[in-house]
Protein chains: 2
Amino acid sequence: MTTAKRDTYTPETLLTVAVRIFNERGYDGTSMEHLSQAAGISKSSIYHHVAGKEELLRRAVSRAIDGLFAILDEPGAQRGRAVERVEHVVRRTVQVLVTDLPYVTLLLRVRGNTKTERWAMERRREFDHRVADLLRAAAADGDLRADVDTRLATRLLFGMVNSLVEWYRPHPGGGWEVDQVAETVVRIAFDGLRTADGPRAAG
Amino acid sequence: MTTAKRDTYTPETLLTVAVRIFNERGYDGTSMEHLSQAAGISKSSIYHHVAGKEELLRRAVSRAIDGLFAILDEPGAQRGRAVERVEHVVRRTVQVLVTDLPYVTLLLRVRGNTKTERWAMERRREFDHRVADLLRAAAADGDLRADVDTRLATRLLFGMVNSLVEWYRPHPGGGWEVDQVAETVVRIAFDGLRTADGPRAAG
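Conventions we followed
Residues numbered from 1 in each chain as written. Chains lettered and ligands numbered in written order. Predicted model: local features only at pLDDT ≥ 70, side-chain atom pairs only at ≥ 80, totals over all residues. Heavy atoms only, no water. Least-squares fit on C-alpha atoms with pLDDT ≥ 70 in both. Contact = heavy atoms within 4.5 Å. Buried area = accessible area lost by both parts, 1.4 Å probe. Salt bridge = Lys/Arg side-chain N within 4 Å of Asp/Glu carboxyl O. Helix = DSSP H or I, 4+ residues; strand = E, 2+ residues; numbered from the N terminus. Nonpolar A, V, L, I, M, F, W, Y, C, P; charged D, E, K, R; others polar. UniProt positions renumbered as here; feature names shortened; annotations may be inferred. Phe/Tyr/Trp six-rings, centres within 6.5 Å; stacked < 30°, edge-to-face > 60°. Buried < 20%, exposed > 50% of the residue type's maximum accessible area, 1.4 Å probe, protein only. Lys NZ or Arg CZ within 6 Å of the ring centre and 35° of its normal.

Focus on the relation of the copies chain A and chain B
Note on the identical chains: chain A maps onto chain B by a rotation of 180° and an axial translation of 0.0 Å, with an RMSD of 0.0 Å. Classification of the inter-copy transformation places it as that of a two-fold axis. Mapped onto chain B, 100% of the interface residues of chain A again fall at the interface, so both copies present the same surface.

Here it is in structure tokens:
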């Protein structure tokens with residue numbers, strides 16, 4: 001038996017618990033019963049705050065999506081050469097991803113079984129397309145190498161960035177700082193690991 | 001009711017079915033009953049070929065692990081400057097990953113609940129360490145930029161490579177060829193997306 005505690009939740013703090021459980025069990029594998037147990041309050045108390053688990057999912061992925069799209073409106077993403085704008089977007093995407101790690105993790109894991117999940121996937125694709133557009137503009141400016149397919153590069157770039165949800169954990173007092181990770185991603189992706197005067201493979 | 005078909009499986013062809021189901025349902029979520037239904041043969045027929053589902057897992061992840069470790073013994077990984085050896089290993093890792101996609105997907109998803117899973121994770125870490133060693137050697141040669149942490153670069157590099165299991169699908173008659181993907185990964189990671197004479201961010 002779970003001892004029910006007094007409901008001191010707000011929709012926001014309840015969301016924190018829900019996102020943790022969604023990430024642990026998967027959204028499909030999470031029932032209202034699981035949420036009730038994890039929060040230590042009754043299901044009817046949860047329904048007092050939200051209409052159901054899909055509303056919690058919508059609020060959670062909205063937070064991640066809003067954070068990502070806000071980047072595109074920043075001055076660094078709006079002004080300057082396309083290559084510098086796309087570097088800004090990649091750097092800030094890493095920062096948003098790390099800052100809102102559980103929310104972005106959830107966003108990256110939704111699989112499209114409900115209307116909310118399909119909407120989230122659609123928005124995510126839209127964000128990817130916006131970044132791909134910037135990469136194409138940078139290639140058209142002659143600032144990106146011409147021997148790399150832009151769409152493939154976009155996939156690989158997001159593959160590198162999104163992998164953070166699998167292995168990056170903020171370590172208080174140790175590990176990598178978010179800005180170091182963001183800067184390293186940008187350096188690898190745009191300038192490469194080799195020193196400028198290092199040997200080049202015959203390729 | 002499933003209509004049981006005559007058991008024409010070999011351990012190898014049974015493995016193909018098992019790996020597909022493990023990837024669809026997760027290893028933990030797969031029962032012998034699921035395997036029996038997917039293969040269309042009885043559970044006792046399966047036990048005729050293998051001792052149980054853990055043996056199928058061991059065979060499957062061994063195939064992926066053997067494929068990856070074999071790369072390290074290739075001449076391209078043994079001779080030449082460290083930076084060229086690590087480029088060879090990364091290029092070949094992509095090729096092995098794509099060639100044995102379902103097997104490597106399974107390897108990357110095991111989570112350590114059984115002895116076999118823990119062994120697979122240990123071997124995977126060992127492979128990562130071998131590549132990290134090569135990157136460190138290349139950095140010591142002065143061939144890799146000094147302002148990037150080697151351990152962080154290794155994580156990001158594998159993040160990019162391993163993301164392939166999430167989004168790459170071989171398209172007969174379309175899409176990206178495996179060699180193009182492998183070459184693009186190496187170009188991005190080592191030379192970067194920018195043209196050599198493109199502008200550099202102030203950062």
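Description of the interface of chain A and chain B
Buried accessible area, meaning the area lost when the parts come together, often serves as the stated size of an interface. Taken residue by residue, the interface counts 42 residues in chain A and 43 residues in chain B. Between chain A and chain B, roughly 4,200 Å² of surface is buried when both sides are summed, and carbon and sulfur atoms account for 61% of that area. In terms of surface lost to chain B, no three residues of chain A exceed R145, L156 and L193 of chain A, which account for 18% of the buried area on that side. Remark: the boundary between chain A and chain B carries 8 salt bridges. Residues D191 of chain B and R145 of chain A are paired through a salt bridge, measuring 3.9 Å at the closest nitrogen-oxygen approach. For the side of chain A that touches chain B, the elements supplying multiple residues, two or more each, are α6 (82–99), α9 (150–162), α10 (164–167) and α11 (178–191) of chain A. The element contributing the most residues to the side of chain A that touches chain B is α11 of chain A, with 9 residues. Taken together, the residues that form the side of chain A that touches chain B break down as 19 nonpolar, 8 polar and 15 charged.

A few points about the UniProt feature "DNA-binding region" (unreviewed entry) in chain A
Under the UniProt annotation, "DNA-binding region" (unreviewed entry) lies at residues 31–50 of chain A. End-to-end, the C-alpha atoms of residues 31–50 of chain A are 14 Å apart, and along that stretch the chain is 75% helix and 0% strand.

Some details on the packing of aromatic side chains
Within the structure shown, the criterion is met by 10 aromatic pairs over all chains. With centroids separated by 5.0 Å and ring planes inclined at 75°, the aromatic side chains of F22 of chain A and Y27 of chain A adopt a geometry described as edge-to-face. Across this residue pair, the class does not change: F22 of chain A and Y27 of chain A are buried. Through a chain of ring-to-ring contacts, the aromatic side chains of F69, F127 and F158 of chain A assemble into a single cluster. Across the ring face of Y27 of chain B, the terminal group of K53 of chain B is positioned such that the distance to the ring centre comes to 4.2 Å.

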